[in-house]
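Each chain, written out:
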Amino acid sequence: MEELCPRFENAMQLVSKRWVGLILFDLLEGKKRFSEMEADLPISGRLLSDRLKMLEQEDIVERNIYSEFPVRIEYSLSVKGKALEPVIREIQRWAEDWVTLENQTEKEVK
């Protein structure tokens with residue numbers, strides 16, 4: 001049996017941080033403005049901003065600023081972020097097969 005690498009644990013901690021999965025899933029559709037993401041996701045603007053900054057520091061998300069009036073800022077997945085797509089899609093398939101809404105509701109109540 002292979003020995004688990006500390007990189008695996010670091011990766012799991014990064015992608016399992018609250019809301020990160022939904023942010024990455026949302027960005028799989030392509031470039032998004034902050035306001036679009038805020039409308040798409042059930043997350044406060046402040047927390048969304050914090051998570052986007054963290055993902056940007058990890059080189060998973062790119063922030064593109066367009067000097068227009070008003071200034072336009074778009075977020076997109078970097079090459080490193082796009083490499084997560086098969087993983088995210090597979091987790092989505094697994095969740096559709098194995099995770100029920102009843103399970104989620106029970107956990108939220110606890």
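Here the structure is a predicted model, which is why all the values come from computation and not from measurement. (Residues numbered from 1 in each chain as written. Predicted model: local features only at pLDDT ≥ 70, side-chain atom pairs only at ≥ 80, totals over all residues. Heavy atoms only, no water.)

Below, the discussion takes up the sheet that holds strand β3 (residues 72-77). Backbone-to-backbone hydrogen bonds pair the strands of a sheet. The strands run either parallel or antiparallel. In spatial order, the strands read β1-β3-β2; together these three strands make up an open sheet with antiparallel pairing. The open sheet is flanked by β1 (32-33) and β2 (61-66), the only strands paired with a single partner. With two bridges connecting them, β1 and β3 associate as antiparallel partners. Its bridge partner being in β3, K32 is matched across the sheet by Y75. With respect to the sheet, helix α2 (residues 20-27) is in contact with β1, β2 and β3, its orientation differing from that of β3 by roughly 100°. (Pairing = 2+ DSSP bridges. Helix = DSSP H or I, 4+ residues; strand = E, 2+ residues; numbered from the N terminus. Contact = heavy atoms within 4.5 Å. Axes fitted to C-alpha atoms, helices over the stretch in contact; angles between N-to-C directions.)

Bringing the pairing of β3 into the picture now. Remark: a regular strand shows side chains that alternate across the two faces of the sheet. Bridge count for β2 against β3 is six bridges, and the pairing is antiparallel. Paired with N64 across the strands is E74, a residue of β3. Hairpin connection from β2 to β3: five residues lie between these consecutive antiparallel strands.

Between F69 and the following residue, P70, the backbone shows a cis peptide bond with an omega angle of -5°. Structurally, the position occupied by P70 is in the loop between β2 and β3. A positive phi angle is found at D59, which is not glycine, with a value near 60°.

With 91% of its residues at a pLDDT of 70 or more, the protein has an overall mean of 90. Helix α5 (residues 79-82) holds the highest mean pLDDT among the elements of the protein, 98, whereas helix α7 (residues 101-109) holds the lowest, 58. (pLDDT = per-residue confidence, 0-100.)

A separate point is the nonpolar core. Judged by nonpolar contacts, the single largest core of 20 residues is most densely connected at I23, L24, L55 and V61. Secondary structure elements with two or more residues in this core: α2, α4 (45-57) and β3. Excluding residues that lie within four positions of it along the chain, L24 makes contacts with L55, I60, L77, L84 and I88. (Core = buried A, V, L, I, M, F, W, Y, C linked by side-chain atoms within 4.5 Å. Buried < 20%, exposed > 50% of the residue type's maximum accessible area, 1.4 Å probe, protein only.)

Checked against the element boundaries, S76 lands in strand β3. Here S76 falls in the buried class, since its relative accessible area comes to 8%. Not counting residues up to four positions away in its chain, the partners in contact with S76 are L27, K31, I60, V61, E62 and N64.

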